[in-house]
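Single-letter residue listing:
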Amino acid sequence: MRVLVSGGAGFVGSHTVVQLVAEGHHVLVVDSFVNAKPSVVARIEALTGQPLDVRAFDLTDRDRTERLFAEESIDAVIHFAGFKAVGESVERPVDYYENNLGTTLSLLRAMEKHGVTTLVFSSSATVYGADAPVPMREELPTSATNPYGWTKVMQEQIFRDAAVADPALRIALLRYFNPVGAHPSGTMGEDPAGIPNNLMPFIAQVAVGRREKLGIFGGDYPTVDGTGVRDYIHVEDLAAGHIAALHRLTQADEPISVWNLGTGQGTSVLQLLRAFERACGRELPYEILPRRAGDIAESYADPTRANAELGWRATRTIDDMCVDTWRWQSQNPHGYPDA
Ligand code: UD1
């Protein structure tokens, strides 16, 4: 297939691109490089052994997007592009709505005009909102607690409405739990700008000496050890889930398919920290801080539907996730090079 990958230079996108190329697909990446460094492209090419077709532009540019679809033959779209920092979304809500909804609307318009019907969308378990029971199932109602989360809920709704108007569409809404880990080569991984918002990159930066200690947001949750519990999923398993979804869509009877991508296993902050200590071979300093606003005690998937319908399963363990993250972080203490 000729697959357009939006946000293909990002964390989940880059790992998915490598797997798509390995499977023999022709990949066309579009990325604005607002949150990704161009040097990731050489890393992808080194792993695939072939040049990557990359177009640097912002998909909110409708005319530019439309021109791309006019010039290239595209069979399917995997749509990763989007802003994803919760705190920033509270401070810059209009940017989040404009970017995350704008890219999706441009893509849908161009797809409609050029007869492209297949799309895999990066949604998030954040659409289950604040009070969802665990394990989380796809049937739960959706809601959000911040503008970033609302953009995911709204994008899902836009796809559902588009599919009512055009029943030929085949769209997968993939609800990711907590993507972590890195490519086993150590050459690709997560490279957040500034102070990491998410737990795994923060721990990795403590281990490599860029941060003094981990602050744990809350030690009094009703969980196994008082710290928050999440469903961490290795980015390589997550990438494989996209390819399984793409294949499944070609035989899907319904326009919209919703699949949780998670392991089904919950891991606490302290359990993840201990696993990382095993991976890097030393103790890591931490302190317990007050809870972070908007956090929930426990989030983990019921992945039964994806397991059954996609023939896909997350296989990598928490130790695999920490070993691979540490290989990436220790080999690239400051992430991807600037030049
Ligand atoms: C966060 C977002 C979520 C988004 C996801 C992926 C919030 C409230 N939620 O999920 O919407 O889809 O990232 O980008 O931001 N923790 C610490 N110390 C840290 C960082 C995190 O103790 O420095 C704890 C958190 O309290 C939580 C766990 O680690 O219990 C995981 O946090 P994080 O990696 O930010 O993921 P989520 O909060 O699950």
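Residues numbered from 1 in each chain as written. Predicted model: local features only at pLDDT ≥ 70, side-chain atom pairs only at ≥ 80, totals over all residues. Heavy atoms only, no water.

## A short note on empty space enclosed by the protein
Heads up, the condition is: Here a cavity means grid points, on a 1 Å grid over the protein atoms only, where a 1.4 Å probe fits yet cannot get out; a pocket means an open set of points with protein on both sides within 12 Å along at least five of seven lines; lining residues are those with an atom within 4 Å of a point. Grid points are joined across faces, edges and corners, and a volume is the space filled by probe spheres set on the points. Note that Gly is not counted as nonpolar here; it falls among the polar residues with everything else outside the nonpolar set of Ala, Val, Leu, Ile, Met, Phe, Trp, Tyr, Cys and Pro and the charged set of Asp, Glu, Lys and Arg. Helical segments are the DSSP runs of H or I of at least four residues, strand segments are the runs of E of at least two, and each set is numbered from the N terminus.
As enumerated under the stated definition, the model contains two cavities of 30 Å³ or more in all. If you add up the space inside the largest cavity, you get close to 60 Å³. As for the largest cavity, its lining consists of G181, E190, M200, P201, A204, T325, W328 and Q329. In the lining of the largest cavity, the residues fall into four nonpolar, three polar and one charged. Quantified by volume, the second largest cavity comes out at close to 30 Å³. Around the second largest cavity, the lining residues are E190, D191, P192, P201, Q205, R210, W328, Q329 and G335. Those elements giving two or more residues to the lining of the second largest cavity turn out to be helix 7 (199-207) and helix 11 (318-331).

## Thoughts on the site of the ligand
Selection rule: Residues are classed as near a molecule or strand on a simple rule: at least one heavy atom within 4 Å of it. Within 3.5 Å is the distance limit for a polar contact, defined as a pair of N or O atoms, with the added protein rule that one can donate a hydrogen and the other accept it, and that residues adjacent in sequence qualify only through two side-chain atoms. Note on areas: Shrake-Rupley, 1.4 Å probe, and residue coverage restricted to the protein chains presented here.
Close to the ligand lie 18 residues, the nearest being L199, G215, R230, R292 and D295. N178 places a side-chain nitrogen or oxygen 2.9 Å from an oxygen atom of the ligand. Relative to its unbound accessible area of 740 Å², the ligand is 89% covered by the protein chains. The greatest single-element share of the shell around the ligand, amounting to four residues, is contributed by strand 8 (residues 214-217). For the shell around the ligand, the residue count by class is eight nonpolar, seven polar and three charged.

## Regarding the packing of helix 7 against helix 11
Filter applied, for reference: Think of each axis as a best-fit line through the C-alpha atoms, taken over the contacting stretch in the case of a helix, with angles from 0 to 180 degrees between the N-to-C directions. An angle counts as roughly parallel when it lies under 35 degrees, as roughly antiparallel when it exceeds 145, as roughly perpendicular when it falls between 65 and 115, and as oblique in every other case. Throughout, a crossing is termed right-handed when the near helix is turned clockwise from the far one, and left-handed when it is turned anticlockwise from it by less than a right angle. The contact definition used throughout considers only heavy atoms, calling two residues in contact when any of these lie within 4.5 Å.
Packing of helix 7 against helix 11 brings their axes to within 10 Å, and their N-to-C directions diverge by 55°. Classified by the interaxial angle, the pair formed by helix 7 and helix 11 is oblique. Once helix 7 is placed against helix 11, the crossing between them reads as right-handed. Contacts from M200, A204, Q205 and A207 of helix 7 reach helix 11 at M321, C322, T325, W326 and Q329. Class assignment of the residues belonging to the contact of helix 7 with helix 11 gives a composition of six nonpolar, three polar and no charged.

## Some thoughts on the side chain of S106
Stated precisely, the cut-off is as follows: The rule is simple: take the accessible area with a 1.4 Å probe, protein chains only, and divide by the maximum for that residue type; under 20% is buried, over 50% is exposed, in between is partly exposed.
Inspection of the secondary structure puts S106 in helix 5 (residues 93-114). Look at S106 and you get buried, because its relative accessible area is 4%. Among the polar contacts made by the side chain of S106, one reaches the main-chain carbonyl oxygen of L59 at a distance of 2.6 Å. Leave out the neighbours within four places in its chain, and S106 touches L59, T60, D61, R62 and T65.

## Looking at helix 7
Burial runs high along helix 7: nine of the nine residues are buried. Buried residues belonging to helix 7 abut strand 7 (178-180), strand 8, strand 10 (232-234), helix 9 (269-280) and helix 11. Immediately beyond the C-terminal end of helix 7, within one or two residues, lies G209, with a positive phi of roughly 90°.

## Here's the deal with the environment of G215
Mapped onto the elements, G215 comes out in strand 8. A residue is classified by how much of its surface remains accessible, and G215, at 18% relative accessible area, is buried. A C-alpha to C-alpha distance of 5.9 Å links G215 and I288, two positions 73 residues apart in sequence. Setting aside anything within four residues of it in sequence, one finds G215 in contact with E287 and L289.

## Examining the sheet that holds strand 4 (residues 76-79)
Neighbouring strands of a sheet are bound in pairs by backbone hydrogen bonds; such pairs are parallel or else antiparallel. Inclusion rule: Two strands form a pair only when DSSP identifies at least two bridges running between them.
Across the sheet, which stays open at both edges, the seven strands sit in the order 3-2-1-4-5-6-11 with parallel pairing between neighbours. Lying at the two open borders of the sheet, with one neighbouring strand each, are strand 3 (53-56) and strand 11 (256-261). Strand-to-strand, the axes of this sheet are offset by a mean angle of 20°, without reference to chain direction. In this structure, strand 6 (residues 170-176) lies alongside strand 11, joined through six bridges in parallel fashion.

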